[in-house]
Amino acid sequence: MSATIADILAARLNKALPESPFAADLPEGFVAQVDQAQNRQFGDYQSNAAMILAKQVKRNPREVAAAIIEAFDGGEVSEAPEIAGPGFINFRLKTTFLEEKLSQLLADEEKLGVPVAEKPLTIVADFSAPNVAKPMHVGHIRSTIIGDSLTRIADFLGHEVIADNHIGDWGTQFGMILWGWKNLLNEEALESDPIPELLRIYREVNARTKDDESLREDCKNELVELQGGNEENLAIWERCIDLSKIGLQKIYDRLDINFDLWLGESFYNDRLAPLVESLLAAAIAEESDGAICVFFPDEKQLADKPALIRKSDGGFLYATTDLATIDYRIEELKADAIWYVVGAPQQLHFDQIFRIAKQRGQKADLQFIPFGSILGKDRKMLRTRSGDTVQLADVLDEAVERALKIVDEKNPDFSDEEKQEIAEIIGIGSVKYAELSQYRMTDYIFDWDTMLALKGNTAPYLINAYVRTRAIFRKLGSDFVKEGEPTLTADAEKDLTLKLAQFAETVPAVLSDFRPNTLATYLYELAVAYHRFWEACPVLKEEGAVRETRLALCELTGRVLRCGLGLLGIRTTEKM
RNA sequence: GUCCCCGUAGUUCAACGGAUAGAACAAGGGUUUCCUAAACCUUAGAUACAGGUUCGAUUCCUGUCGGGGACGCCA
């Protein structure tokens, strides 16, 4: 039941190979692939098997294709395949097969045809991970949104996913914050809105340290006191974290994002010293210039790039915490895989700690899932410290505001609450879709109009397609009830049905290279197919089987859009 | 100096070695007795450069140019 169309065709194609005249020359273990056709004029699915085989069996590709087709049995599934171009084998699905598919998909309300993973894994997903005491800015948007989407997709495919927010709650920035808290804090401002006040003192101190050697020293001492367990400093630190978490949670609530765990850097403090000792004992790490390092002499690329795990003053580093985190996730959380949705600049760091983990015998599948940078107008990476970055909360506010304007314009008769609710869904959805619809490695320059666009290939286009499916049933006055078997007549119906069936092929493919944009593209194409169907095929005017079939298509499109958008973390609305 | 990522229509983005490189925005033309026109139809427009690998290259390899980034005591 859960086999995809591509799987079904591939199975039939591979059954044909040993029956063809060149069966004896077939390379050991050759498996023919079948893919969605790139251009519908060539059919629904295609295979390049003949062109690959042609070389091995020393025959003309078109001859090979002809021989394969001869032995191929399309059964209930496919019409007789055609050979085209240099030797493509093109498949066209039988209408009766599409009708059967449509019935099956309607019956699979939960998974909509998507096959679940054969081997469910326990996956720890590490994303977002903001520093406390600073508000999230646009730079955090990528990790947060991409990580959340991958988490939702893995969960949907049957994996056990643990979303862990590895917040930066123990860095050197606390030296500055502690000093600022003691010397510059405005209690009133802190009471009314804590995060901006924490940011203000951080920036103030940071600016002052630029040309004040003794202040730098004072900040460092505050940090040493904190790390040494000074009670006053610990109390301030804890308060700081609590306030920050409240602020962060507000944003996550608005984004509809949940974490199972919030194990920040401080959680691993007690594990760092023993970890370094064990690395020394295992002769993986060694002393160098007073610091403890791990060298990678066997790797050309890393030969001159050691990882530092303990400073000469005894302090621990980023790599140390991350190694301890890996241990915890594997040993305590029983992770089979750990996914890090982190900016591309950290490539070297993760390369290093993954190697060290491997040297220590850790078996889990460690995945660095990088994304490109968001640049300022000067084409440079955005920096928190420069102070001119746009805050994430402001982006969301602006997005909702822009959406509200249009909602108001288009639907003056909706109530204010309704308008606000819809604007929230569309505004936030647009920000997420803008991010998820492009390849994650692409760098981009932050631009309000690009990120908050509401026209064209954007969230509202997809949400509108969903809204149109709901409009039908609102007019009908009842929910969908399946009656009889579907009958596909119009081309727009067949195109839409095929698209709907391909949801099953799209979702698992996202995880093969962690590319939510492939799902976004699919959903856009599905929406296009539905809008075309809408124009070409009236539903409620029709009668009998045609009407039933069209209602079924509306229903299923609605389900797939809602589910698929949900996997991107985007909510839908019934009206807009 | 070493290494990593990126270079596609005027602009913002697609295309996990496949056929005639897809969209959207911006520009031009059209569609509303019909279930939401936030829609549909339609016109024009691009792979930085030079080699190589192969049946086939935007994709892989080498080099050049251009942009961003990382590299022993920040995270």
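This one's a predicted model, so the numbers in the text were calculated from it and none came from an experiment.

A. Highlighting the protein's contact with RNA strand B. Around RNA strand B, a shell composed of 69 residues is seen, among which Glu265, Tyr439, Tyr461, Arg468 and Arg532 lie nearest. The side chain of glutamine 38 places a nitrogen or oxygen atom 3.3 Å from a phosphate oxygen of RNA strand B. A distance of 3.0 Å is found between a base nitrogen of RNA strand B and a backbone nitrogen or oxygen belonging to valine 539. Secondary structure elements with two or more residues in the surface near RNA strand B: helix 2 (49-57), strand 4 (88-91), strand 8 (291-294), helix 13 (347-359), helix 14 (392-410), helix 17 (459-476) and helix 20 (516-536). Per-class residue counts for the surface near RNA strand B are 32 nonpolar, 19 polar and 18 charged.

B. Region of the structure containing the layout of surface pockets. Quantified by volume, the second largest pocket comes out at close to 810 Å³. Looking at the second largest pocket, it is lined by 25 residues, and the ones nearest its centre are Gln36, Ala37, Lys499, Gln502 and Glu525. Sorting the residues of the lining of the second largest pocket by element identifies strand 1 (35-36), helix 18 (491-501), helix 19 (503-510) and helix 20 as the ones contributing at least two each. Broken down by element, the residue count for the lining of the second largest pocket peaks at seven residues, all from helix 20. Per-class residue counts for the lining of the second largest pocket are nine nonpolar, eight polar and eight charged. A domain-level breakdown of the lining of the second largest pocket finds at least three residues from each of domain 1 (5-93) and domain 2 (395-567).

C. Seen up close, the sheet that holds strand 1. Pairing is antiparallel across the open sheet formed by four strands, whose spatial order is 1-2-4-3. Taken across any chain shown, the strands that pair with only one partner, and hence form the sheet edges, are strand 1 and strand 3 (82-84). One ladder, built from three bridges, connects strand 3 with strand 4; its direction is antiparallel. Within strand 4, the position partnered with glutamate 82 by the bridge is asparagine 90. Across the sheet, helix 1 (residues 5-16) lies against strand 2 (45-47) and strand 4, angled at about 40° from strand 2, the strand it touches most.

D. Representation of the domain arrangement of chain A within the structure. The domains assigned to chain A are domain 1 (5-93) and domain 2 (395-567). Distance between the C-alpha centres of domain 1 and domain 2: 35 Å. Taken together, the contact pairs seven residues of domain 1 with five residues of domain 2. Buried surface at the junction of domain 1 and domain 2, summed over both partners, amounts to about 510 Å²; 45% is from carbon and sulfur atoms. Contact with domain 2 buries surface across domain 1, with Ile5, Gln36 and Arg40 losing the most and accounting together for 70% of the total. Linking domain 1 to domain 2 there are one salt bridge. The closest approach of N and O atoms between arginine 40 and aspartate 495, which form a salt bridge, is 3.2 Å. Residues belonging to the side of domain 1 that touches domain 2 are distributed by class as follows: four nonpolar, one polar and two charged.

E. Here's a closer look at the pattern of salt bridges. Inspection of the entire model under this criterion finds 35 salt bridges. In this structure, the salt-bridge partner of aspartate 126 is arginine 329, at a minimum N-O distance of 3.0 Å. Residue aspartate 126 is located in strand 5 (residues 122-126), and its partner arginine 329 is located in helix 12 (residues 318-331); the two are separated by 203 residues in the primary sequence. Both residues of the pair, aspartate 126 and arginine 329, belong to the buried class. For the salt bridge of arginine 310 with glutamate 277, the shortest nitrogen-to-oxygen distance reads 3.5 Å. One end of the pair, arginine 310, is in strand 9 (residues 307-310); the other, glutamate 277, is in helix 11 (residues 269-281), with 33 residues separating them in the sequence. Taking relative accessible area as the criterion, arginine 310 reaches 23% and is therefore assigned partly exposed. One salt-bridge network, in which partners are shared between bridges, spans Arg470, Glu555, Arg559 and Glu574.

F. The arrangement of helix 5 (residues 141-156) in detail. Counted at 1.5 Å a residue, the expected span for helix 5 with its 16 residues is 22 Å, and the 22 Å between its end C-alpha atoms agrees. A positive backbone phi angle near 100° is found at glycine 158, which sits one or two residues after helix 5.

G. Focus on empty space enclosed by the protein. The tally for this structure, following the rule as stated, stands at four cavities of 30 Å³ or more. Considered as a void within the structure, the largest cavity measures approximately 60 Å³ in volume. Put simply, the parts of the chain that give the lining of the largest cavity at least two residues each are helix 10 (231-255) and helix 15 (416-436). Here the lining of the largest cavity is composed, by residue class, of four nonpolar, two polar and five charged.

H. The sheet that holds strand 7 (residues 285-288), seen in detail. Taking strand neighbours across the sheet as the criterion, the three strands line up as 7-8-9 in an open arrangement whose pairing is antiparallel. Lying at the two open borders of the sheet, with one neighbouring strand each, are strand 7 and strand 9. Between one strand axis and the next, the sheet turns through 45° on average, direction left out of account. Where strand 8 lies against strand 9, three bridges are found, and the strand directions are antiparallel. Residue pairing for strand 9: valine 294 is matched across the bridge by alanine 307. Along the sheet face, helix 11 touches strand 7, strand 8 and strand 9 and points at about 120° away from the line of strand 9.

I. Local environment of the environment of threonine 122. Position of threonine 122 among the secondary structure elements: in strand 5. For threonine 122, a relative accessible area of 17% translates into the label buried. Remark: the alpha-carbon pair of threonine 122 and leucine 519, spanning 397 residues in sequence, is separated by 23 Å.

J. Molecular detail of the pairing of strand 11 (residues 365-371). Among the seven residues in strand 11, five count as buried, and that is most of the element. One ladder, built from seven bridges, connects strand 10 (residues 337-343) with strand 11; its direction is parallel. Bridging from a neighbouring strand, tryptophan 339 pairs with glutamine 367 of strand 11. Assessed by its sense of winding, the connection that carries the chain from strand 10 through helix 13 to strand 11 is right-handed.

Parameters and conventions
- Residues numbered from 1 in each chain as written.
- Chains lettered and ligands numbered in written order.
- Predicted model: local features only at pLDDT ≥ 70, side-chain atom pairs only at ≥ 80, totals over all residues.
- Heavy atoms only, no water.
- Near = heavy atom within 4 Å.
- Polar contact = N/O pair within 3.5 Å; in protein donor to acceptor, adjacent residues only side chain to side chain.
- Helix = DSSP H or I, 4+ residues; strand = E, 2+ residues; numbered from the N terminus.
- Nonpolar A, V, L, I, M, F, W, Y, C, P; charged D, E, K, R; others polar.
- 1 Å grid on protein atoms, 1.4 Å probe; cavity = no way out; pocket = protein on both sides within 12 Å on 5 of 7 lines; lining within 4 Å.
- Points joined across faces, edges and corners; volume = space filled by probe spheres on them.
- Domains from an automatic or database assignment.
- Pairing = 2+ DSSP bridges.
- Contact = heavy atoms within 4.5 Å.
- Axes fitted to C-alpha atoms, helices over the stretch in contact; angles between N-to-C directions.
- Buried area = accessible area lost by both parts, 1.4 Å probe.
- Salt bridge = Lys/Arg side-chain N within 4 Å of Asp/Glu carboxyl O.
- Buried < 20%, exposed > 50% of the residue type's maximum accessible area, 1.4 Å probe, protein only.
- Expected span 1.5 Å × (residues − 1).
- Right-handed = clockwise from strand over helix to strand, strands pointing away.

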